[in-house]
Amino acid sequence: MSNNVISLQAVSKTYGNETVVRDVNFDVQPGECIVLVGHNGAGKTTLMKLMLGLTRPSTGTVEVLGGNPAFTAAVAQRLALGYLPESVAFYEAMTGQEVLAFYAQLKGASYYECGKLLQLVGLGDASKRRVGTYSKGMRQRLGLAQAMLGDPQLLFLDEPTTGLDPLLRQHFYELIDGLHKEGVTSIISSHALNEVEARANRFVIMKAGIIVASGTLDELYQLAALPVRLELSVTEGEASRVAESLGTGVNIAHVNNQKLSLSCFKGEKMPLIRHITGLGEVVQDLQIMPPRLDEVYSHFMQGDGL
Amino acid sequence: MKMIWILAQKELRDGLRNRWIAAAIILLGTLALALSLLGSAPTGSVRVSELDITVISLASLSVYLIPLIALMLAFDALVGEFERGTMMLLLTYPVTRWQVIMGKYLGHVLILFIAIFFGYGGALIILTLLGDSGTDGWQAYALMMLSSLMLGAVFIALGYLVSVFVKERATAAGTAIGLWLVFVVLYDLLLFGVLLLDEGQLIGQKLFSILMLISPTDSYRILNLSMFEGVSQAAGIAGIASEAGMSGALLISVMLLWMVVPLMATLFLFQKREL
């Protein structure tokens, strides 16, 4: 027994002839925030369902909180677990308050906690309305509230911010950040790469059921071997002279009268910057742009990772 | 047990909320009243209690109506939640699949109990207040109510089996109607048709009894028409059931079996199902 919260070993899942998840190995330590990224149908949701015990792996073993989640005996572990499904559905005829109270009863959470959570997600005023009248964003917030019932130690959030407006997204991530500070482990699947970039400890990139890359953002940059981009502003008319002085190790993408766009790999970055600063007054401004997660992502998506 | 009760309460609340229970009470109550008030005319001077006549007509009608109500209540129970996606979320909570089925079942049987208790029971109270024959034969009426609940419980279990088996709600609705037709109408038609053609050559009384007995609706009918003398005399089948060796316990056991087996099958299919 390890102290992993989640441990997947050689897990594959086949529906009929279709292999949705293929030979996945995946460990999660307590307190980590893992972001699953991948195209639609890459197997993110199936992977979550496997970890939740809703489906059973065709081969391999899944262990969550020290047990197999698909076993009936895993019921007790589910007390410590919260899940927000993709496009969450509720009992339409019940009010928001009733829905949350129903789930709270199942989890042994108090009625008081329901009220608190409804306030927290901003549904306090709408709590007495039928869920059938809720907008997509309100459902999503109710979904988050139910996932947070009973102080879960492990959260699964499947595309949590779809349908939320920018302000709500912000608020949503503040809530998640708050939970992380309390030591909650979470698995988030998302398409909104720029939003999750700053939040995750680790990214898992999936493609056609396979984990093509996983690691921290830095590790992924290195794996992807993507160049760092630099933008230089120089005194008018000096651009081509500066470009000449840079030598051959640098890829110059674009030059005009007073601006240069350069790119170089990680190892060459510092020598290049030292060289540029050594040029003196000619250089007026320097901007360094590391590759973004979406660039890393599209790199892995385009690659022949299969 | 606590989980089962939480889930049952939810079904019960849904039944109250969508006026399902109210509609069923009104339907059953009105029918009971109409049948007994209109049906008491032919009693004439024969020494038969009005309630006995009511039991006969109500039992004959309940055989059609109660299974229909029960199936309507049950066909959506599982497939509806699969389709909407609420089942997926529910199963990530600390409930077992066994508890989900039993909770729903308890809730739906309670809904039916309330409908029968207030519908038929309310009619009984009105009848005793109106009529002058007193409460003679109330035992037969009580048995009718209780066995109606059992008949309903049988068809809720059968409805669950349909609900867990099919992929879509529409298919479930269609299959439930088909099931109703087979159990309530076609089986008896077929049985009597074969009996008429056979003219007693192959199918002896014993085989016929068994064929009657294995149908939950026929068990219900025989139970109600034969257990009390007043009723069976009025129905004109006095002594037939006991001659055929059909005791009340046997008839009730058959119905219990029709509850337990489909429910177990439902549970088995539900356990296997992946969401």
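The structure presented is a predicted model; accordingly, all values stated were derived computationally and were not measured.

**Section: the sheet that holds strand β11 (residues 251-255) of chain A**
Residues and elements named next belong to chain A. Taken in spatial order, the 4 strands make up an open sheet running β11-β12-β10-β13, and their pairing is antiparallel. This sheet does not close on itself; its edge strands, each paired only once, are β11 and β13 (283-289). The sheet shows a mean angle of 20° between the axes of neighbouring strands, direction not considered. As defined by bridge partners, strand β10 (residues 228-234) adjoins strand β12 (residues 259-264) across 6 bridges and the pair is classed as antiparallel. What sits directly across from Arg229, in β12, is Ser263. Together, β10, β12 and β13 form the strand contacts of helix α9 (residues 266-277), whose direction differs from that of β12 by roughly 145°.

**A look at the packing of aromatic side chains**
Aromatic ring pairs: the centre-centre distance and the angle between the two ring planes describe each pair. The final tally for this structure, using the stated rule, is 12 aromatic pairs over all chains. Arranged with centres 5.5 Å apart and planes meeting at 25°, the rings of Phe113 of chain B and Phe117 of chain B form a pair that is stacked. One end of the pair is Phe113 of chain B and the other is Phe117 of chain B, both in helix α6 (residues 97-130) and 4 residues apart, which spans about a single turn. Residue Phe113 of chain B is classed as partly exposed on the basis of its relative accessible area of 39%. Residue classification places Phe117 of chain B among the partly exposed positions, given a relative accessible area of 43%. Chaining the aromatic ring pairs together yields one cluster made of Phe90, Tyr91, Phe102 and Tyr103 of chain A together with Tyr93 of chain B. Directly above the aromatic system of Phe82 of chain B lies the positively charged group of Arg273 of chain B, at a separation of 3.8 Å from the ring centroid.

**Let's talk about the layout of surface pockets**
Here the idea is plain: a probe the size of a water molecule rolls over the atoms and shows the empty space left. All names here are of chain B. The computed volume of the largest pocket comes to approximately 500 Å³. Lining the largest pocket are 21 residues, with Glu11, Asp14, Asn18, Asp76 and Arg84 positioned closest to its centre. Elements with a contribution of two residues or more to the lining of the largest pocket: α1 (2-17), α3 (50-74), α4 (79-84) and α6. Partitioned by chemical class, the residues of the lining of the largest pocket number 9 nonpolar, 3 polar and 9 charged.

**Things to note about the side chain of Asp188 of chain B**
Residue and element names in this part refer to chain B. Topologically, Asp188 is positioned in helix α8 (residues 169-198). Under the relative-accessibility criterion, Asp188 is labelled buried at 6%. A distance of 2.7 Å separates the side chain of Asp188 from the side chain of Arg221, its partner in a polar contact. Discounting residues that sit within four places of it in the chain, Asp188 has contacts with Asp218 and Arg221.

Cut-offs used in this document
Residues numbered from 1 in each chain as written. Chains lettered and ligands numbered in written order. Predicted model: local features only at pLDDT ≥ 70, side-chain atom pairs only at ≥ 80, totals over all residues. Heavy atoms only, no water. Pairing = 2+ DSSP bridges. Helix = DSSP H or I, 4+ residues; strand = E, 2+ residues; numbered from the N terminus. Axes fitted to C-alpha atoms, helices over the stretch in contact; angles between N-to-C directions. Contact = heavy atoms within 4.5 Å. Phe/Tyr/Trp six-rings, centres within 6.5 Å; stacked < 30°, edge-to-face > 60°. Buried < 20%, exposed > 50% of the residue type's maximum accessible area, 1.4 Å probe, protein only. Lys NZ or Arg CZ within 6 Å of the ring centre and 35° of its normal. 1 Å grid on protein atoms, 1.4 Å probe; cavity = no way out; pocket = protein on both sides within 12 Å on 5 of 7 lines; lining within 4 Å. Points joined across faces, edges and corners; volume = space filled by probe spheres on them. Nonpolar A, V, L, I, M, F, W, Y, C, P; charged D, E, K, R; others polar. Polar contact = N/O pair within 3.5 Å; in protein donor to acceptor, adjacent residues only side chain to side chain.

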